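Now for the letters of each chain:
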Amino acid sequence: MILVAEDDAGSRTATRMFLQRSGYRVGEAADGPGTLREASLGHYDLVLLDLGLPGLDGEEVLARLRRDGALPVIVLTGRSEERERVRVLDLGADDYLVKPFSLPELEARIRAVLRRGQPAPPSSRIERGDLVIDRTAHRVELFDRQVDLTPKEFDLLAFLAGAPDQVFTREELLEHVWGSTQDWQDPATVTEHIRRLRLKLESEPSNPRWLHTVRGVGYRFADVEPQNATG
Ligand code: CA
């Protein structure tokens, strides 16, 4: 989840909507104290910090974020002097973007920072946009509502989502999820479970957002919502 800390409501909203379309969950803050308060809640993976926030100097916000934990920070600023950039990086920012910047570039920087910060242990929670899979609680939520899945549907979804963008054949899924081989369980079992998962999770089962068919190979769980999803 990403915290967008920006006092300009227009660019804050544009950034939030762009990131949400890219599959991120997003929270917002409009001033310095609000940013620290949100960040302290502990459910963010990264902060986009506008350096010109009211209420508290942006560098002070950055320094406190750094003091309080290891939350990655990308600083957004209108000032482009090298002195400024060096200072911000010295204060512990992970990256730095000068306004105006393009949203796709911002997203690329976010991905790079998150990747750098993550040889993280496999979390029991997988969040992909509005889909939340809690492996400990065996619970799946879509748009904040619980989805009823059978145990095998859950296992299959959790397995695929735990290795995003990796393609698995039906035989591999039988082996990993069912603990079976095709000698005694039909690969069509996998097909049928994928079909039912799509009906329960996808708004357009024939044009899935998460559970993709890789023709002639198998299935993969899409990491980030692609621009042109294909079944
Ligand atoms: Ca500002």
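All residue numbers refer to position in the chain's written sequence, counted from 1. At least 70 in pLDDT is required for a residue's local features to be given in this predicted model, at least 80 for side-chain atom pairs to be given and counted, and no such filter applies to totals for whole chains, interfaces and linings, which use all residues. Excluding hydrogens and water, the side-chain values take into account all heavy atoms of the structure.

A.B. asks: Just to check I follow, could you spell out helix 5 (residues 103-116) for this structure?
C.D. replies: One turn of the α-helix equals 3.6 residues, which is why residues spaced by three or four share an orientation. Across its 14 residues, helix 5 extends 20 Å between first and last C-alpha, which sits within 8% of the 20 Å expected from 1.5 Å per residue. Here the term buried applies to any residue with accessible area under 20% of the maximum for its type, exposed to any over 50%, and partly exposed to those in between, with areas from a 1.4 Å probe on protein chains only. Labels follow the DSSP assignment, with helices taken as runs of H or I lasting at least four residues and strands as runs of E lasting at least two, numbered in each case from the N terminus. For helix 5, the full list of buried residues reads Leu-106, Glu-107, Ile-110, Val-113 and Leu-114. Along helix 5, the residues classed as buried sweep out an arc of 125 degrees about the axis, all on the same side. What points out from helix 5, more than 90 degrees from its buried face, is the exposed set Pro-104, Arg-115 and Arg-116. We call two residues in contact when some of their heavy atoms are within 4.5 Å. Looking at the packing, one finds that the buried side of helix 5 touches strand 1 (2-5), helix 1 (9-21), strand 3 (46-50), strand 4 (73-77) and strand 5 (95-98). In this scheme, a helix's expected span is set at 1.5 Å multiplied by one less than its residue total. When we speak of the arc, we mean the arc of directions from the helix axis to the C-beta atoms.

A.B. asks: I keep staring at the sheet that holds strand 2 (residues 26-29) and nothing clicks. Help me out?
C.D. replies: Within a sheet, adjacent strands bond to each other through the backbone by hydrogen bonds, running parallel or antiparallel. If you trace the 5 strands from one edge of the open sheet to the other, you get 2-1-3-4-5, paired in parallel fashion. Strands with a single pairing partner mark the edges of an open sheet, and in this sheet they are strand 2 and strand 5. Neighbour-to-neighbour, the strand axes of this sheet turn through a mean angle of 20 degrees, independent of strand direction. When DSSP finds two or more bridges between two strands, those strands count as paired. Two elements, strand 1 and strand 2, share 4 bridges in a ladder whose sense is parallel. Within the sheet, the bridge partner assigned to Ile-2 lies in strand 2 and is Val-26. This element, helix 3 (residues 58-68), spans strand 3 and strand 4 of the sheet and lies at about 165 degrees to strand 3. Angles run from 0 to 180 degrees between N-to-C directions of axes, and those axes are lines fitted to C-alpha atoms, restricted for helices to the stretch in contact.

A.B. asks: Can you help me understand the environment of Ala-9 in this one?
C.D. replies: Looking at the element boundaries, Ala-9 is found in helix 1. In this structure Ala-9 comes out as partly exposed when scored by relative accessible area, which is 41%. Taking the C-alpha atoms as reference points, Ala-9 and Ser-102, separated by 93 residues in sequence, lie 17 Å from one another.

A.B. asks: I tried to follow the pairing of strand 7 (residues 131-134) on my own but got confused; where do I start?
C.D. replies: Look at any regular strand and the pattern is simple: side chains alternate between the two faces of the sheet. Side-chain alternation along strand 7 places Leu-131 and Ile-133 on one buried face and Val-132 and Asp-134 on a second face that is also buried. Across 4 bridges, strand 6 (residues 125-128) lies against strand 7 in antiparallel orientation. Following the sheet pairing, Glu-127 is matched in strand 7 by Val-132. In this structure, the hairpin formed by strand 6 and strand 7 is closed by a connection of 2 residues, where Gly-129 is found at a positive phi of approximately 60 degrees. With 4 bridges connecting them, strand 7 and strand 8 (residues 139-142) associate as antiparallel partners.

A.B. asks: Where do I start with helix 7 (residues 170-178) in this structure?
C.D. replies: All of the buried residues along helix 7 are Leu-173, Leu-174, Val-177 and Trp-178. Along the axis of helix 7, the buried residues cluster in a sector spanning 105 degrees; they form a single face. In the core, the buried residues of helix 7 are packed alongside helix 6 (151-161), helix 8 (188-201) and strand 11 (218-221). Once helix 7 ends, the next one or two residues include Gly-179, with phi positive near 60 degrees.

A.B. asks: Looking at this structure, how should I read the domain arrangement of the protein?
C.D. replies: Interface extent is often summarised as the accessible area lost during association of the parts. Domain boundaries assigned for the protein yield domain 1 (2-117) and domain 2 (125-221). An automatic or database domain assignment supplies the start and end points of every domain. Inter-centroid distance (C-alpha atoms) of domain 1 to domain 2 is 33 Å.

A.B. asks: Sorry if this is basic, but what is going on with unusual backbone geometry here?
C.D. replies: For residues that are not glycine, phi is negative in most cases, and the peptide bond is trans in most cases. With omega at -5 degrees, the peptide bond leading from Lys-99 into Pro-100 counts as cis. Residue placement: Pro-100 occurs in the loop between strand 5 and helix 5. For His-138, which is not a glycine, the phi torsion comes out positive at approximately 50 degrees. Of note, His-138 is situated in the loop between strand 7 and strand 8. The partly exposed category is assigned to His-138, whose relative accessible area is 46%. A positive phi angle is found at Asp-144, which is not glycine, with a value near 65 degrees. Structurally, Asp-144 is set in the loop between strand 8 and strand 9 (145-147).

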